[in-house]
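Commentary on secondary and tertiary structure
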Amino acid sequence: MSYSEPPPPPQYGAPQQPYGQQPQKTSGKAIGSLVTGILSLPGVCCWPLGLALAIAGIVLGVLGRKDIAASHGQQKGTGMAIAGIVCGAVAIAIIAVSLILVATGTIDTTYEFDTSS
């Protein structure tokens, strides 16, 4: 390259991390919270499985948020942890309402149909 030639054009792309810093890693507990929280919603149909997944989503979400706060910017995933907590709480609420409706007899689970009339 000589001084008579113009400099090459700037390179475009994603911004790079400043030198000397490690890239942020996503918390594994936050990812686990999101996955189990989302899986707890269709798991409501089989309520013991849905309840176990919802509890796991809430616990992993709380632990993940604590780890992220303690990492001082080295980990990310707060939004995933919150989403897992919310999905788990919604699943528990749906399970509680459906069990109350079944216990009071509002929802019939005998599946007996009277066709004689």
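Residues numbered from 1 in each chain as written. Predicted model: local features only at pLDDT ≥ 70, side-chain atom pairs only at ≥ 80, totals over all residues. Heavy atoms only, no water.

1. What about the pattern of salt bridges?
Defined as follows: The rule for a salt bridge is simple: a side-chain nitrogen of Lys or Arg has to be within 4 Å of a carboxyl oxygen of Asp or Glu. Strands are runs of DSSP state E lasting at least 2 residues, helices are runs of H or I lasting at least 4, and numbering of each runs from the N terminus. For the exposure calls, accessible area comes from a 1.4 Å probe over protein chains only, and a residue counts as buried if that area is under 20% of its type's maximum, exposed if over 50%, partly exposed in between.
Counting across every chain of the model gives 1 salt bridge. One salt bridge in this structure joins Lys29 and Asp67, with 2.9 Å as the shortest N-O distance. With Lys29 in helix α1 (residues 28-40) and Asp67 in helix α2 (residues 47-70), this residue pair connects regions lying 38 residues apart in the sequence. Taking the relative accessible area as the measure of exposure, Lys29 reaches 33% and is therefore partly exposed.

2. Thoughts on the environment of Val86
You can see Val86 is positioned in helix α3 (residues 78-104). On the accessibility criterion, Val86 (46% relative accessible area) is partly exposed. In sequence terms Val86 and Gly57 are 29 residues apart; their C-alpha atoms lie 8.8 Å from each other.

3. Observations concerning the packing of α1 against α3
Under the convention used in this document: Angles run from 0 to 180 degrees between N-to-C directions of axes, and those axes are lines fitted to C-alpha atoms, restricted for helices to the stretch in contact. For classification purposes, angles smaller than 35 degrees are called roughly parallel, those larger than 145 roughly antiparallel, those between 65 and 115 roughly perpendicular, and all remaining angles oblique. Helix crossings fall into two classes, left-handed where the near helix is turned counterclockwise from the far one by less than a right angle and right-handed where it is turned clockwise. Note on contacts: a residue pair is in contact if any heavy atoms of the two residues lie within 4.5 Å. Classification convention: Asp, Glu, Lys, Arg as charged; Ala, Val, Leu, Ile, Met, Phe, Trp, Tyr, Cys, Pro as nonpolar; all other residues, Gly among them, as polar.
At a minimum axis distance of 7 Å, the contact between α1 and α3 shows a crossing angle of 25°. Relative to α3, the element α1 is oriented roughly parallel. Once α1 is placed against α3, the crossing between them reads as left-handed. Contacts between α1 and α3 involve Ala30, Ile31, Ser33, Leu34, Gly37, Ile38 and Ser40 from the former and Met80, Ala81, Ala83, Gly84, Ile85, Cys87, Gly88 and Ala91 from the latter. Taken together, the residues that form the contact of α1 with α3 break down as 10 nonpolar, 5 polar and no charged.

4. Examining the packing of α2 against α3
Orientation of α2 relative to α3, taken along the N-to-C sense of each, is 150°, at an axis distance of 8 Å. Classified by the angle their axes make, α2 and α3 are roughly antiparallel. For the pair α2 and α3, the sense of crossing is left-handed. Here α2 contributes Trp47, Gly50, Leu51, Ala54, Ile55, Gly57, Ile58, Gly61, Val62, Arg65 and Ile68 to the contact with α3, which in turn contributes Thr78, Ala81, Ile82, Gly84, Ile85, Gly88, Ala89, Ala91, Ile92, Ile95 and Leu99.

5. Digging into the confidence of the model for the protein
Stated formally: Each residue gets a pLDDT score, which is the predictor's confidence in that residue and runs from 0 to 100.
Residues with a pLDDT of 70 or more make up 89% of the protein, whose mean pLDDT is 88. When pLDDT is averaged over each element of the protein, α1 comes out on top at 97 and strand β1 (residues 25-26) at the bottom at 92.

6. Side note on unusual backbone geometry
The phi torsion of most residues other than glycine is negative, and most of the peptide bonds are trans. One non-glycine residue with positive phi stands out, namely His72, at about 55°. Here His72 shows up in the loop between α2 and β2 (75-76). Relative accessible area serves as the criterion here: at 71%, His72 is assigned to the exposed category.

7. Brief notes about α3
Selection rule: The span expected for a helix works out to 1.5 Å for each residue beyond the first.
Between the first and last C-alpha of α3 there are 39 Å, a value that for 27 residues agrees with the 39 Å anticipated at 1.5 Å per step. Within the sequence span of α3, burial applies to Ala81, Gly84, Cys87, Gly88, Ala91 and Ile95. On its buried face, α3 sits against α1 and α2. Directly after α3, the chain includes Gly105, whose backbone phi takes a positive value near 90°.

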